[in-house]
Amino acid sequence: MKRYDPQSIEPKWQRRWEETGIFTAPDKPGTKAYVLDMFPYPSGDGLHVGHPRGYIATDAYSHFKRLTGHDVLHPMGWDAFGLPAENAAIKKGVHPAENTTRNIENFRRQLKSLGFSYDWSREVNTSDPDYYRWTQWIFLELFKAGLVYRDVGQQWWCPNDKTVLANEQVIDGKCERCGAEVTKKELTQWYFKITAYADELMDALDELDWPEPIKAMQRNWIGRSEGAQVTFGSDAGDITVYTTRPDTLFGATYLVLAPEHALVGKLTTTEQATAVGKYVEQAKRASEIDRTATDRKKTGVFTGSYATNPANNERIPIWIADYVLASYGTGAIMAVPAHDSRDREFAEVFDLPVRQVVMPETGAPVDGEEPRRSIVAIVEHPKTGELLTLDWEKGGGTLFVGGGRDEGEDPEAAARREVAEESGYTNLELVARGIQAKNHYHTIAHGKARCSTAELFHFRLKDEARDEPKLEDHEQGLFTVGWMAPAEVERRMTDPMHGFAFRWFMKREAFGGEGILVNSGQYDGLTSATARERIIADLKKRKVATEQTGYKLRDWLISRQRYWGTPIPVIHCKKCGPQPVPGEDLPVELPNVEDYLPTGDGRSPLAKVESFVQTPCPKCGDAAERETDTMDTFADSNWYFLRYPSPDKKDGPFDPAALKAWMPVDVYVGGAEHAVLHLLYARFWTKALADRGHLAFREPFLSLRNQGMILADDGRKMSKSLGNVINPDEVVEGLGADTLRIFEMFIGPFDQSADWSTQGIEGSYRFLKRVWTFGQRLAEANSGHTHGSDKVSAAERDWKRVASQATKRVTESIEGFRFNTAISALMEALNGFQSLADDAGGVPATARPYFERYLVLLTPFAPHIAEELWRELGHEDSIFTQDWPTIDRAALKQETAAIVVQVNGKVRTTVTLPTEGLTEAAAVQAAQENEIVQKHLGDAKPKQVIYVPGKLLNFVV
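Thresholds, definitions, all that
Residue numbers run consecutively from 1 along every chain, following the written order of its sequence. It should be noted that, the model being predicted, local features are given only for residues of pLDDT at least 70 and side-chain atom pairs only at 80 or more, the latter also being counted only at that level, while totals for whole chains, interfaces and linings use all residues. Think of the side-chain values as coming from all heavy atoms in the structure, minus any hydrogens and water. Numbered from the N terminus, helices here are DSSP runs of H or I no shorter than four residues, and strands are runs of E no shorter than two. Two strands qualify as a pair provided that DSSP identifies no fewer than 2 bridges between them. Structural elements are reduced to axes, namely lines fitted to C-alpha atoms, with helices fitted over the stretch in contact, and the angle between N-to-C directions of any two is expressed from 0 to 180 degrees. N or O atoms closer than or at 3.5 Å make up a polar contact, with two conditions inside protein: a donor-capable atom paired with an acceptor-capable one, and, for residues adjacent in sequence, both atoms drawn from side chains. Here, a salt bridge means any Lys or Arg side-chain nitrogen found within 4 Å of an Asp or Glu carboxyl oxygen. Only protein chains enter the accessibility calculation, which uses a 1.4 Å probe. A residue is then buried if its area is under 20% of the maximum for its type, exposed if over 50%, and partly exposed in between. Any two residues whose heavy atoms approach within 4.5 Å are treated as being in contact. When the centres of two rings from Phe, Tyr and Trp lie within 6.5 Å, Trp using its six-membered ring, the rings pair. Their planes under 30 degrees apart give stacked, over 60 give edge-to-face, and anything left gives tilted. The rule for a disulfide is simple: a pair of cysteine sulfur atoms within 2.5 Å.

Undergrad: Is there a simple way to think about the environment of D648 in this case?
TA: As for its placement among the helices and strands, D648 is situated in the loop between α18 (640-643) and α19 (656-662). Measuring from C-alpha to C-alpha, the distance between D648 and R122 comes to 7.9 Å, with 526 residues separating the pair along the chain.

Next up, the structure:
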């Protein structure tokens, strides 16, 4: 028997597949499947074992689609421009072009060593002038459409990478690439007007087969909200605010302006001038990330001026605070501290009014129900900070003091009465009278009590006395009264309204939800939704409000002050202004220079290359200068999927016929970290190009799947600095590419992270060795040299059943991207086959067609061993020319059932019975006739028989 030797098998078939071009996609597909990986940055020296997980998945899926009759486009290329590649080159002291070329060669070698079925004839490289010529062409198409503009503004600046960053590339105040703390720098930059497509980018998500978390991230980033622009009058002029909650207008007790707001100077009184000037200067030195940090104490200063609230004509103070940004909304907000957490924090710092105008509603009113009024009272101990609680022993859980309020009874008096009745305490100091609530339940020992309204109170004992609470007789036994730490209260609180009271008083949370309006004049009693419509309509009549849609999304900053990128195809003329480079002059090639290091002064290194900069104006012919910024690398990856169908086209970026044949991408696989970077940008460019008449579709990726990380065996992310990187070359050289492919698909659910395991990958190798041994024995059986006995140990239908079960599970698993369950099904099927072989390990010739089906099922995951065994079985054509096995539904019907028999819960034996007509009585009889069972039952008569139909029988004696 031949030994399993992946080191000789795998290179052989990789060469054969490449020579025959078996995976080359046709130009005119029949039933097409475009299966795409997010192409890699060739910035490092090579892959580690975490990188191929997504590539293995797409390769398996591509093979599956081919075997099910599809023409498959499965290409690969290189995201070669940009910061990752340039920084890696600088670190090595090697020119980016040289370093990137070297890295690509190694990446390509590694990918080929894993046997991936890429159509290498379609390979693209974004740093190739033949490619970025068309990136520049698309830039100019968007320029013509008014979707590219230049502007001056404060930009995120990475001091380490010495370049500006888009908003999307700043994560928690740090550069997304290198992790350095970012700052702000005023620069003139180029932008793509992605905001023009905000609505479509948002709405079209509903139709995409994408993971919900990715869609949610894009929706949140776009941040569309429906609201109104409302005008507050002041002596210095009108102040406009944008709000999504006009129903809370009556709760606006002050205004807050950004320090950079245009009216700050006019609003500041003489008395406040020094304080305001000092605060404005202080704010200029803080980054936006610091200013808007949720855990930062609120700061601010009063201008000395007042504004008029248009809802109630109330004069309210105007403050300046750095948590309001000039770049968001109008640079001014109406502060509603009862219903916004930031505003409440600010109000508490500066002792500003907090007015409730929305009453939470936790249930619906019941027609004909007698209205009940209730109170919730929190009592705090002055020394320990513990809270008085009622523990209802007969149900109902842990509550604060609560109870009913009589008709006409003062709410505070009712609250004090309830505290006295339920605990005996009367020495109470009122700390705060809280928010009102409407239509809720109190959950208590004797069920749920419906209450129409509730009022919340926060008391504190006037002294530190802590006598044991005394109960009125009628309450004795229903609950116990005690003191509890706030953290424990939060954990144990069971009633929604009591929990709300805790969050309002003790955690200082504002109520941001919707409900019923109170303290809002003529709008009292309306729901938030109805009140919004009526308030906006009334303010519109008075010309102090307009309906408006707001967005968080900002236009995409495309300029980078770095060398290694696509040059922006614009020429600056003093007479004519910025002019697009004529199409016939594309590409504007990146000059090969020795000094490519970033300057750090806000200019690209290209600004120093006079031969590149100096050029005539394409409009007037006078001396002019080229734009020296390069494009963000995401511009290159915005459209690479459009190039693959016609990568060699010379007179355009893509062939319309090829796009019609292959686009959109059917399945796209990559990391979730690109949710609001590449994926959002690519959707934008696709829509913009469609509107220019270049594309017949508006969404590039119909289906998206994200892979989880493979972590090091220490549970950390693989990193050279941590010394825990595993090179796939080592695995391929030792155990083979098929072993790596099987292991990475079996390691866990595809979209979840998993730890690398040396033991696990060795298990995958042993599995393939078992497949190899079984295939070799079958080959010997078919050549007339059966290993072991010639006796057929099972009927042919049993082989068919195992193969059909595997076909069903593997098919459904691949279609659902549940690759780990597909591998599990293949392992179980091999066990089934081996159990059907005779005791000496012989494989009957009747097994051949079913094992051949099995090899086809194995092919997507372990193509090399599958191809080798296919040829060992005498086939001259490739296994890739075969059809995917069909699911034999009839064979799936199991004709016998193996019933596990237990005595007192311990497994004693298994009895096999025909499934047809199988009843509990028949199973019991067969089991009791079994010698092993009889031995353990003895003369005892079972007290109980537990039967799980067709699976388990347990005698309890």
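Undergrad: Honestly, the sheet that holds strand β29 (residues 577-580) in this entry has me stumped. Any pointers?
TA: Taken in spatial order, the four strands of this open sheet run β29-β28-β31-β30, and their pairing is antiparallel. The outermost strands of the open sheet, each flanked by one partner alone, are β29 and β30 (614-616). Neighbouring strand axes in the sheet, compared pairwise and without regard to direction, differ in orientation by 40° on average. Note that strand β28 (residues 570-573) and strand β31 (residues 623-626) share two bridges and pair antiparallel. Counterpart to I571 in the pairing with β31 is R626.

Undergrad: Mind showing me how you'd approach the side chain of S703 here?
TA: By the element assignment, S703 lies in the loop between α20 (678-691) and β34 (704-706). Separated by 3.1 Å, the side chains of S703 and D209 make a polar contact.

Undergrad: I'm lost on the sheet that holds strand β38 (residues 906-914) in this one. Help?
TA: Taken together, the four strands give an open sheet; going across it, the order is β38-β37-β40-β39, and neighbouring strands pair in mixed fashion. The open sheet has two edge strands, β38 and β39 (944-948), and neither has a second partner. Averaged over neighbouring strand pairs, the angle between their axes works out to 20° when direction is ignored. Where β39 and strand β40 (residues 952-956) come together, five bridges link them in antiparallel fashion.

Undergrad: It is not clear to me how the pattern of salt bridges should be interpreted in this structure. Could you clarify?
TA: Should their charged atoms come close, side chains of opposite charge can pair. The full count for this structure, using the stated rule, is 58 salt bridges. Put simply, R296 and D322 hold a salt bridge, and the shortest N to O gap is 2.9 Å. Of this pair, R296 sits in the loop between α10 (288-291) and β13 (301-308) while D322 is found in the loop between β14 (315-320) and β15 (332-335), placing the two residues 26 residues apart along the sequence. On the basis of relative accessible area, R296 is assigned to the partly exposed category, the value being 26%. One connected set of salt bridges, linked through shared partners, spans E200, R683, K687, D691, R698 and E699.

Undergrad: Is there a simple way to explain unusual backbone geometry in this structure?
TA: The omega angle of the peptide bond from L586 to P587 is 5°, so this bond is cis rather than trans. Mapped onto the secondary structure, P587 falls in the loop between β29 and α16 (610-613). With an omega of 0°, the peptide bond between M663 and P664 qualifies as cis. Looking at the element boundaries, P664 is found in the loop between α19 and β33 (667-670). Although it is not a glycine, R508 adopts a positive phi angle of roughly 60°. Within the secondary structure, R508 sits in the loop between α14 (496-505) and β24 (515-517).

Undergrad: So what exactly am I meant to see when it comes to the environment of P885 here?
TA: Residue placement: P885 occurs in the loop between α27 (863-872) and α28 (889-892). Residue P885 is classed as buried on the basis of its relative accessible area, which comes to 10%. With 74 residues separating them in the primary sequence, P885 and T811 have C-alpha atoms 9.1 Å apart. The residues touching P885, leaving out its near neighbours within four places in the chain, are T807, R853, V856 and L857.

Undergrad: Whenever I open this one, the packing of aromatic side chains confuses me. Can you help?
TA: One pass over the structure, following the stated rule, counts 57 aromatic pairs. Seen in terms of ring centroids, W134 and W137 are 6.2 Å apart; in terms of plane orientation they differ by 70°. Their pairing is edge-to-face. Of this pair, W134 and W137 both sit in helix α5 (residues 129-144), three residues apart, which is roughly one turn of that helix. Here W134 falls in the buried class, since its relative accessible area comes to 5%. A ring pair is formed by F750 and F819, whose centres lie 5.6 Å apart and whose planes are at 85°; its orientation type is edge-to-face. Remark: F819 occurs in helix α25 (residues 819-836) and F750 occurs in the loop between α22 (737-746) and β36 (754-755); sequence separation between them is 69 residues. Across the pair, F819 and F750 agree in class, each one buried. Among the aromatic side chains, those forming a connected cluster through ring pairs are F139, F143, W190, F192, Y197, W556, F634, Y681, F684 and W685.

Undergrad: How should the side chain of H339 be read in this particular structure?
TA: Inspection of the secondary structure assignment puts H339 in the loop between β15 and α11 (341-350). Residue H339 is classed as buried on the basis of its relative accessible area of 10%. Among the polar contacts made by the side chain of H339, one reaches the main-chain amide nitrogen of V358 at a distance of 3.2 Å. The contact partners of H339, leaving out residues within four places of it in the chain, are T248, R355, Q356, V357, V358, I435, A510, F511 and G512.

Undergrad: Sorry if this is basic, but what is going on with the state of the cysteines here?
TA: The bond known as a disulfide is covalent and runs between the sulfur atoms of two cysteines. Summed over the entire model, instances satisfying the criterion amount to zero disulfides. Its sulfur unpaired, C576 is 3.7 Å from the next cysteine sulfur, which belongs to C620. Of the residues examined, C576 reaches a relative accessible area of 22% and is grouped as partly exposed. No disulfide involves C617; its nearest neighbouring cysteine sulfur is the one of C573, lying 3.7 Å away. Its relative accessible area of 4% is what places C617 among the buried residues.

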